[in-house]
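# Understanding the architecture of this molecule
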Amino acid sequence: EVYSLMKNEIYVGIFMPLVILSIIEKEKEVKLPPLFKKLLIIEDTLDINNELMNRSNNNLFDLDKLLKKYSPDAIRLYFLSKPAKSFVFDIAELEEMNNLLLNIEQYYSNNFTVDNSIQNKFDHYLKECDQLIKDKEVNLYVNKVIEMFNEVLLNVIPTYDQALLFLKLLYPIMPFMADDINKEIFKSKY
């Protein structure tokens, strides 16, 4: 189970319980189980008007409604593209992610080329994405993949190999769409 708390609750929620645990262990001369197996410290979540997202402000988002309107891949891509700190929920940005997915799906409906004119740029982005994954920089990876599509691929037709490699970059962040495209275009199970 994950214990989540706001950053301003660290003293009461973490420090004091750990102090009390240490005192008990020392007084009783026992080793107690750890208080936390996984601890997630979160920042305040704001809406587009910089108001705290909570019931009293009546600005919470309804995930069920979002899933009815947007694909799970669009929602995943939106949340993964945001930094963990100072998160601001913006439905317009979610709409942009949904449109990006539609553009990528449309992109794969084109025929491939044999022209390798974008290979250097393509290799540069692949190298950057690979390093970001190794560094576990998820939101930077997501944004680099989006940048790669918009800056390099959007206005050109890729080779078969480039299209397949880009699909592999998409898979961790858009698994449903990547799997559908792979089955339809590349005729194989991902």
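Our structure is the block above this text.
This section reports on the structure supplied with the text.

Conventions and cut-offs
- Residues numbered from 1 in each chain as written.
- Predicted model: local features only at pLDDT ≥ 70, side-chain atom pairs only at ≥ 80, totals over all residues.
- Heavy atoms only, no water.
- Buried < 20%, exposed > 50% of the residue type's maximum accessible area, 1.4 Å probe, protein only.
- Helix = DSSP H or I, 4+ residues; strand = E, 2+ residues; numbered from the N terminus.
- Arc of directions from axis to C-beta.
- Contact = heavy atoms within 4.5 Å.
- Core = buried A, V, L, I, M, F, W, Y, C linked by side-chain atoms within 4.5 Å.
- Axes fitted to C-alpha atoms, helices over the stretch in contact; angles between N-to-C directions.
- Parallel < 35°, antiparallel > 145°, perpendicular 65-115°, else oblique.
- Nonpolar A, V, L, I, M, F, W, Y, C, P; charged D, E, K, R; others polar.
- Phe/Tyr/Trp six-rings, centres within 6.5 Å; stacked < 30°, edge-to-face > 60°.

## As for helix H7 (residues 160-170)
When we look at burial in H7, the residues that qualify are Gln-162, Ala-163, Phe-166, Leu-167, Leu-169 and Leu-170. End-on view of H7: buried residues confined to an arc of 155°, all on one side of the axis. Contacts made by the buried residues of H7 are with helix H4 (91-107), helix H5 (119-134), helix H6 (138-153) and helix H8 (175-185).

## Considerations on the nonpolar core
Counting residues in hydrophobic clusters, the biggest one holds 39 residues, and the most contacted among them are Leu-77, Tyr-108, Phe-166 and Leu-170. For this core, the elements supplying multiple residues, two or more each, are helix H3 (72-81), H4, H5, H6, H7 and H8. For this core, the leading source of residues is H6, giving eight residues. Leaving out residues up to four positions away in the same chain, Phe-166 has contacts with Tyr-108, Phe-122, Val-145, Met-148, Phe-149 and Leu-153.

## Looking at the packing of H3 against H8
Running from N to C, H3 and H8 point in directions that differ by 130°, and their axes come no closer than 7 Å. By the angle between their axes, H3 is oblique relative to H8. Packed against H3, whose contacting residues are Pro-72, Asp-73 and Arg-76, the element H8 presents Pro-175, Phe-176 and Met-177 at the interface. Its residues assigned to classes, the contact of H3 with H8 shows four nonpolar, no polar and two charged.

## Concerning the packing of aromatic side chains
Aromatic ring pairs: the centre-centre distance and the angle between the two ring planes describe each pair. A complete count under the given rule lists eight aromatic pairs for this structure. Residues Tyr-78 and Phe-79 carry aromatic rings whose centres are separated by 5.2 Å and whose planes lie at 70° to one another, so their mutual orientation is edge-to-face. Ring centres 5.9 Å apart and planes at 15° place the aromatic pair Phe-112 and Phe-186 in the stacked group. Note that Phe-112 is positioned in the loop between H4 and H5 and Phe-186 in the segment after H8, a separation of 74 residues in sequence. A residue is classified by how much of its surface remains accessible, and Phe-186, at 7% relative accessible area, is buried. Three or more aromatic residues joined by ring pairs form one cluster here, namely Tyr-107, Tyr-108, Phe-112, Phe-149, Tyr-160, Phe-166 and Phe-186.

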